[in-house]
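A structural walkthrough
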Amino acid sequence: GADARFGLDFAFLLMIPGLVSLSIGDIGMILFADSVSGVPFFTGIVAGIASFGAAFAAIRFMRFLVLKDSLEGFACYNWGLAMFTFIIYLIG
């Protein structure tokens, strides 16, 4: 009985603890890894910033799809992504 906007906001709210724990783990790997076997500091920071930007853009895009077309656009996106992933799995 809830509307799409509430469901979307609640789903993104539930992702926050997982994203925070992943960020803490990544920061720990960057700080405590030696440059020979681990990730160099600068490369790790740039990758972290790029992944944050990509995740933020994806969340904005998903919010746009859900609020614009209810859940039809979101469902088409998920089917397309599932098919793409399946094809990549079959190739590899």
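Residues numbered from 1 in each chain as written. Predicted model: local features only at pLDDT ≥ 70, side-chain atom pairs only at ≥ 80, totals over all residues. Heavy atoms only, no water.

Focus: the overall build of the chain
A count of helices and strands for the chain gives three helices and zero strands. Counting helices and strands in the order they occur from the N terminus, the chain gives α-α-α. Buried residues in the chain amount to 9% of all 92 residues. On the chain, roughly 7500 Å² of surface is accessible, and the fraction owed to carbon and sulfur atoms is 77%. (Helix = DSSP H or I, 4+ residues; strand = E, 2+ residues; numbered from the N terminus. Buried < 20%, exposed > 50% of the residue type's maximum accessible area, 1.4 Å probe, protein only. Areas by Shrake-Rupley, 256 points an atom, 1.4 Å probe, with all protein chains shown as cover.)

Section: the packing of aromatic side chains
In this structure the tally under the stated criterion is two aromatic pairs. Both rings, one in Phe6 and one in Phe10, keep their centres 6.0 Å apart while their planes meet at 15°; by these two values the pair is stacked. Note that Phe6 and Phe10 are positioned in helix α1 (residues 4–32) at a spacing of four residues, about one turn of the helix. Exposure remark for Phe10: the relative accessible area of 42% places this residue in the partly exposed category. Considering the side-chain rings of Phe61 and Tyr77, the 6.2 Å spacing of their centres and the 75° angle between planes classify their relative orientation as edge-to-face. Residue Phe61 is found in helix α2 (residues 41–69), and its partner Tyr77 is found in helix α3 (residues 72–91); the two are separated by 16 residues along the sequence. Note on Phe61: relative accessible area 40%, which makes it partly exposed. (Phe/Tyr/Trp six-rings, centres within 6.5 Å; stacked < 30°, edge-to-face > 60°.)

Remarks on the layout of surface pockets
Considered as a void within the structure, the largest pocket measures approximately 590 Å³ in volume. Surrounding the largest pocket, 21 residues form its lining, Ser23, Asp26, Gly48, Ser51 and Phe52 being those nearest its centre. Of all the secondary-structure elements, those providing two or more residues to the lining of the largest pocket are α1 and α2. Considering each element in turn, the lining of the largest pocket owes the most residues, ten residues, to α2. (1 Å grid on protein atoms, 1.4 Å probe; cavity = no way out; pocket = protein on both sides within 12 Å on 5 of 7 lines; lining within 4 Å. Points joined across faces, edges and corners; volume = space filled by probe spheres on them.)

A word on the confidence of the model for the chain
For the chain, mean pLDDT is 79; residues scoring 70 or higher make up 89% of the total. Per-element averaging of pLDDT across the chain places α2 at the bottom with 78 and α3 at the top with 87. (pLDDT = per-residue confidence, 0-100.)

A few points about the nonpolar core
Listed in full, the five residues of the largest apolar core are Leu8, Phe12, Met62, Leu65 and Val66. Looking at this core, the elements with two or more residues in it are α1 and α2. The element contributing the most residues to this core is α2, with three residues. (Core = buried A, V, L, I, M, F, W, Y, C linked by side-chain atoms within 4.5 Å.)

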